[in-house]
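Chain by chain, the residues:
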Amino acid sequence: MKNIKVSVIVPVFNASKYISKTLNSILSQDFDSFEIIVIDDGSTDNSLEIIEKTLKNTQIPHNIIHQKNSGVSIARNAGIQESNGDYLVFIDADDYVTKDHLSSLYNGKTDFSLTLYAKKEGNNIKNPDKFNQNEISTYDFIKKELKMEITFNFFQLMYKSSIIKNNNIKFTPGIVYGEDTEFAHKALNYGNTIKINNRVTYYYVQHPQSAIQTTQFRRFDIVEIFENLAQFYRKNNKEELADLIITSRIPKAIFGNMNFFFYNNYDFNEVLDKMKELDLLTKLSKFQGDSKFKLKIKLFLLNPKLYYKIWRKLKNSI
């Protein structure tokens with residue numbers, strides 16, 4: 001298959017409630033020369049039937065892959081392997097995009113391009129902050145992500161296919177939380193420039209079945225992901241990025257996920273026991289940076305139970 005500019009990769013597992021809207025938003029693109037690759041990851045509902053019916057009469061090149069249930073990482077990897085496009089875009093089966101999603105992203109020049117996304121939960125839509133520039137080096141972008149100066153998700157990017165394939169970058173199987181962050185970081189490491197489109201073209205839909213809602217304590221898996229990334233950056237002679245992971249990104253991820261559990265009424269002792277089991281208190285103590293955040297960590301480490309009690313009273317401000 002020739003002259004495919006963009007491959008759109010859509011992994012699907014039991015998404016019968018959402019997949020029609022997702023696929024129709026892709027089919028409605030005001031962009032030519034793209035293909036759709038849908039990977040049905042062993043769905044037990046009628047997702048596959050809906051996929052086939054939705055794509056049956058389209059003239060847009062498409063490929064429907066059916067595999068036994070193996071997880072979203074293996075599904076996305078299968079999509080990458082079958083792709084023909086010069087660039088890759090990932091869209092989750094319960095999300096949707098505006099009709100100019102691909103045309104806003106594609107420029108055929110830069111290694112990556114980025115669009116904004118809005119988080120949609122029920123009727124509520126939350127827009128992220130815009131970037132104050134139209135182009136950024138991948139190195140500076142990674143630094144901003146590691147300092148958590150930006151909100152970012154891997155599906156915001158359009159990836160140059162040759163970077164992914166030539167460097168054998170894949171999603172790590174078996175990880176429920178953070179595999180997409182690892183993929184994006186590794187890909188960005190091999191590129192130079194990101195073109196930024198400061199418009200929302202991707203809608204990230206949150207619902208009770210979303211993976212982010214069902215991972216429980218596996219949200220802490222992100223710590224291991226970033227530890228592996230630190231090693232990856234050291235091997236690529238990017239010590240500054242590796243150090244930022246240890247002294248900024250990991251502590252912030254630990255603290256953020258801890259507060260997520262508290263907000264969602266997880267038992268304090270269960271959370272603390274899990275943190276001790278994973279040696280997260282030691283990793284928290286390595287934070288260097290913002291003095292206010294450093295004080296929060298210090299107070300927590302001095303007396304976790306007291307901090308939690310204060311947090312319960314002042315959780316909107318602490």
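In what follows, the structure referred to is the one given above.
The text that follows walks through the structure, step by step, so that each part is easy to find. (Residues numbered from 1 in each chain as written. Predicted model: local features only at pLDDT ≥ 70, side-chain atom pairs only at ≥ 80, totals over all residues. Heavy atoms only, no water.)

Some points on the overall build of the protein chain
Summing up its helical and strand segments, the protein chain has 14 helices and 10 strands in all. Taking the principal axes of its C-alpha atoms as reference, the protein chain extends roughly 65 × 45 × 35 Å. A burial count over the protein chain gives 51% of its 318 residues as buried. Intrachain contacts of the protein chain at a sequence separation of at least 6 include 79% that bridge at least 24 residues. Surface accessibility of the protein chain: about 15600 Å² in total, with carbon and sulfur atoms responsible for 45%. Side chains of the protein chain give 43 positive and 36 negative charges; the mean places of these two sets differ by 5 Å. (Helix = DSSP H or I, 4+ residues; strand = E, 2+ residues; numbered from the N terminus. Buried < 20%, exposed > 50% of the residue type's maximum accessible area, 1.4 Å probe, protein only. Contact = heavy atoms within 4.5 Å. Areas by Shrake-Rupley, 256 points an atom, 1.4 Å probe, with all protein chains shown as cover. Lys, Arg positive; Asp, Glu negative; His and termini not counted. Charge placed at Lys NZ, Arg CZ, Asp CG, Glu CD.)

Points about the pairing of strand S3 (residues 62–67)
Sheet topology places strand S2 (residues 34–41) next to S3; 6 bridges connect them, and they run parallel. Note that in S3 the partner of Ile39 across the bridge is Ile65. For the crossover that starts at S2, traverses helix H2 (residues 47–55) and ends in the parallel S3, the hand is right-handed. (Pairing = 2+ DSSP bridges. Right-handed = clockwise from strand over helix to strand, strands pointing away.)

Details of the environment of Ile142
Along the chain, the position of Ile142 falls in helix H5 (residues 138–146). Between the C-alpha atom of Ile142 and that of Leu241, which follows or precedes it by 99 residues, the distance is 7.8 Å.

Considering the side chain of Asn153
Structurally, Asn153 can be placed in the loop between H5 and strand S9 (157–160). In this view, Asn153 contacts Tyr117, Asp180 and Tyr204; residues no more than four positions away in its chain are not counted.

Examining the environment of Gly42
Its place among the elements puts Gly42 in the loop between S2 and H2. Overall, Gly42 belongs to the buried group, its relative accessible area being 16%. Sequence separation between Gly42 and Ile91 is 49 residues, and the spatial gap between their C-alpha atoms is 18 Å.

A short note on the packing of helix H7 (residues 179–189) against helix H9 (residues 221–235)
The geometry of H7 relative to H9 is characterised by a closest axis approach of 10 Å and an angle of 15 degrees between their N-to-C directions. When the interaxial angle is binned, H7 and H9 end up roughly parallel. In this structure, H7 meets H9 at a crossing whose hand is right-handed. Residues Thr181, Glu182, His185, Lys186 and Asn189 of H7 form the contact with H9, whose own contacting residues are Ile222, Ile225, Phe226, Leu229, Phe232 and Tyr233. For the contact of H7 with H9, a count of residues per class yields 6 nonpolar, 3 polar and 2 charged. (Axes fitted to C-alpha atoms, helices over the stretch in contact; angles between N-to-C directions. Parallel < 35°, antiparallel > 145°, perpendicular 65-115°, else oblique. Left-handed = near helix turned anticlockwise from the far one by under 90°. Nonpolar A, V, L, I, M, F, W, Y, C, P; charged D, E, K, R; others polar.)

Re the packing of aromatic side chains
Tallying each qualifying case throughout the model produces 37 aromatic pairs. Seen from their ring centres, Phe217 and Phe261 are 5.0 Å apart, and the 65 degrees between their planes marks the pair as edge-to-face. With Phe217 in the loop between helix H8 (211–214) and H9 and Phe261 in helix H10 (residues 239–263), this residue pair connects regions lying 44 residues apart in the sequence. The buried category is assigned to Phe261, whose relative accessible area is 0%. Three or more aromatic residues link up through ring pairs in this structure, and these residues are Phe90, Phe112, Tyr117, Phe154, Phe155, Tyr159, Phe171, Phe183, Tyr202 and Tyr204. Over the face of the ring belonging to Tyr96 we find Lys21, whose NZ or CZ atom lies 4.1 Å from the ring centre. One residue, Arg76, lies across the ring of Phe171, its end atom 5.1 Å from the ring centre. (Phe/Tyr/Trp six-rings, centres within 6.5 Å; stacked < 30°, edge-to-face > 60°. Lys NZ or Arg CZ within 6 Å of the ring centre and 35° of its normal.)

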